[in-house]
Amino acid sequence: MKNFVVKTIANAAALAVAIWLLKGITLSGENTARKVLTLMAVALLFGVVNFVVKPIVKLLSFPLFILTLGLITLVINALMLLLTSWLAGQLDLAFHIEGFWTSLIGGLIISIVAWAMHVILPDEQD
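Quick notes on the rules
- Residues numbered from 1 in each chain as written.
- Predicted model: local features only at pLDDT ≥ 70, side-chain atom pairs only at ≥ 80, totals over all residues.
- Heavy atoms only, no water.
- Helix = DSSP H or I, 4+ residues; strand = E, 2+ residues; numbered from the N terminus.
- Rg over C-alpha atoms; globule rule 2.2 N^0.38 Å.
- Buried < 20%, exposed > 50% of the residue type's maximum accessible area, 1.4 Å probe, protein only.
- Contact = heavy atoms within 4.5 Å.
- Areas by Shrake-Rupley, 256 points an atom, 1.4 Å probe, with all protein chains shown as cover.
- Lys, Arg positive; Asp, Glu negative; His and termini not counted.
- Charge placed at Lys NZ, Arg CZ, Asp CG, Glu CD.
- Phe/Tyr/Trp six-rings, centres within 6.5 Å; stacked < 30°, edge-to-face > 60°.
- Expected span 1.5 Å × (residues − 1).
- Axes fitted to C-alpha atoms, helices over the stretch in contact; angles between N-to-C directions.
- Parallel < 35°, antiparallel > 145°, perpendicular 65-115°, else oblique.
- Nonpolar A, V, L, I, M, F, W, Y, C, P; charged D, E, K, R; others polar.

Draft legend 1. Molecular detail of the overall build of the chain. Counting secondary structure elements, the chain contains 5 helices and 2 strands. For a compact globule of 126 residues, the expected C-alpha radius of gyration is about 14 Å, and the chain comes in at 15 Å, within 12% of that figure. Taken over the C-alpha atoms alone, the chain extends approximately 45 × 40 × 25 Å along its principal axes. Counting over 126 residues, the chain shows a buried share of 35%. Of all intrachain contacts in the chain linking residues separated by at least 6 positions in sequence, the fraction that spans at least 24 positions is 73%. Just so you have it, the chain exposes about 7,900 Å², and 73% of that area is on carbon and sulfur atoms. Here the chain contributes 7 positively and 6 negatively charged side chains, and the mean placements of these two sets differ by 5 Å.

Below you can see the structure in the form of structure tokens.
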């Protein structure tokens, strides 16, 4: 359970940085508390997408992974972020990403920040 909370916090921080840095990724709400709740809901949704869908996509794209020496991972991350944006729209969460290229750069930012947050935050082995 602690590991799940840590990963959700790391995802939320990474999404917040991407929203802050890129104009094409938006999160809206009436007040700060509403924005924080929306951000946490999107972080949970992003975690579920990465847990359920991403392994299947990575397995199916394994030949492309070999062919591109792993660079297809950036595209897969971007697609997972776009899927999260679409699902957030279906769930009436105020989170939106404009286009593939914004998603690609956002996925790169999120990967870097999430990695840094996982280094800083404790995990279950501590």
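Draft legend 2. Layout of the packing of aromatic side chains. One pass over the full model with this rule turns up 2 aromatic pairs. Their ring planes at 15° and their centres at 6.4 Å tell us that Phe-62 and Phe-65 sit as a pair that is stacked. Note that Phe-62 and Phe-65 are positioned in helix α3 (residues 62-67) at a spacing of 3 residues, about one turn of the helix. Residue classification places Phe-62 among the partly exposed positions, given a relative accessible area of 45%. Seen in terms of ring centroids, Phe-100 and Trp-101 are 5.4 Å apart; in terms of plane orientation they differ by 75°. Their pairing is edge-to-face.

Draft legend 3. Region of the structure containing helix α4 (residues 72-90). Over its 19 residues, α4 extends 27 Å from the first C-alpha to the last, a length consistent with the 27 Å expected when each residue adds 1.5 Å. All of the buried residues along α4 are Ile-72, Thr-73, Ile-76, Asn-77, Ala-78, Met-80, Leu-81, Thr-84, Ser-85 and Ala-88. Looking one or two residues beyond α4, the residue adopting positive phi is Asp-92, at roughly 60°.

Draft legend 4. Quick peek at the packing of α4 against helix α5 (residues 100-120). Running from N to C, α4 and α5 point in directions that differ by 105°, and their axes come no closer than 8 Å. Put simply, α4 runs roughly perpendicular to α5. Within the contact between the two elements, α4 uses Leu-74, Val-75, Asn-77, Ala-78, Leu-79, Leu-81 and Leu-82 and α5 uses Phe-100, Ser-103, Leu-104, Gly-106, Gly-107, Leu-108, Ile-110 and Ser-111. Class assignment for the residues of the contact of α4 with α5 results in 10 nonpolar, 5 polar and no charged.

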